[in-house]
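# Summary of structural features
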Amino acid sequence: QQEYIMHNDAHATTLTSSGVVTAGPGRVVSILYVGGLAAGSIKIRDGGASGTVLLDLATTNGGSKQCDFSHTPFRCSTDIYVELTTITSCTVVYN
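Below is a short write-up of the structure. Model, not experiment: these values are computed from the prediction.

Definitions and limits used
Residues numbered from 1 in each chain as written. Predicted model: local features only at pLDDT ≥ 70, side-chain atom pairs only at ≥ 80, totals over all residues. Heavy atoms only, no water. Helix = DSSP H or I, 4+ residues; strand = E, 2+ residues; numbered from the N terminus. Rg over C-alpha atoms; globule rule 2.2 N^0.38 Å. Polar contact = N/O pair within 3.5 Å; in protein donor to acceptor, adjacent residues only side chain to side chain. Contact = heavy atoms within 4.5 Å. Phe/Tyr/Trp six-rings, centres within 6.5 Å; stacked < 30°, edge-to-face > 60°. Buried < 20%, exposed > 50% of the residue type's maximum accessible area, 1.4 Å probe, protein only.

### Structural notes on the overall build of the chain
In terms of helices and strands, the chain carries 0 helices and 9 strands. Helices and strands appear in the chain in the N-to-C order β-β-β-β-β-β-β-β-β. Taking 95 residues into account, the globule formula puts the C-alpha radius of gyration at 12 Å, and the chain, at 13 Å, falls close to it. Each of the three principal axes of the chain carries a C-alpha extent, and together these read 45 × 30 × 20 Å.

Now the structure itself:
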């Protein structure tokens, strides 16, 4: 028997430049992004702009993509900060 845990306390924040997603601790469960005109990257950091990098995701140019981490979310104990390089927009789903 497999048990599924449903998280009903999810939140989402859309960024068009690097910034804080939430000022407190949280778990990143999904990222939806629209790539820019060239390849870029998305970094999830714990602890602000100079915090520990938990994910460094290389992105392709153009189009939209989703990355699902619901089974293994990234836990940020201080805050969730996302650094965007050549990304048009990025929606971060967290709880």
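Next, the rest of the story.
### Considerations on the side chain of Arg45
Position of Arg45 among the secondary structure elements: in strand 4 (residues 40–46). In this structure the side chain of Arg45 is engaged in a polar contact, spanning 2.7 Å, whose partner is the backbone oxygen of Gly51. In this structure, Arg45 is in contact with Ser50, Gly51, Thr52, Val53, Cys76, Asp79, Ile80, Tyr81 and Glu83, ignoring residues within four places of it in sequence.

### Description of the packing of aromatic side chains
Inspection of the entire model under this criterion finds 1 aromatic pair. Seen in terms of ring centroids, Phe69 and Phe74 are 5.0 Å apart; in terms of plane orientation they differ by 85°. Their pairing is edge-to-face.

### Quick look at the environment of Val82
With respect to the secondary-structure elements, Val82 resides in strand 8 (residues 80–85). For Val82, a relative accessible area of 0% translates into the label buried. For the pair Val82 and Gly19, spaced 63 residues apart in sequence, the C-alpha separation works out to 5.6 Å. Val82 has contacts with Leu15, Ser18, Gly19, Val21, Ile42, Lys43 and Val92, leaving out every residue within four places of it along the chain.

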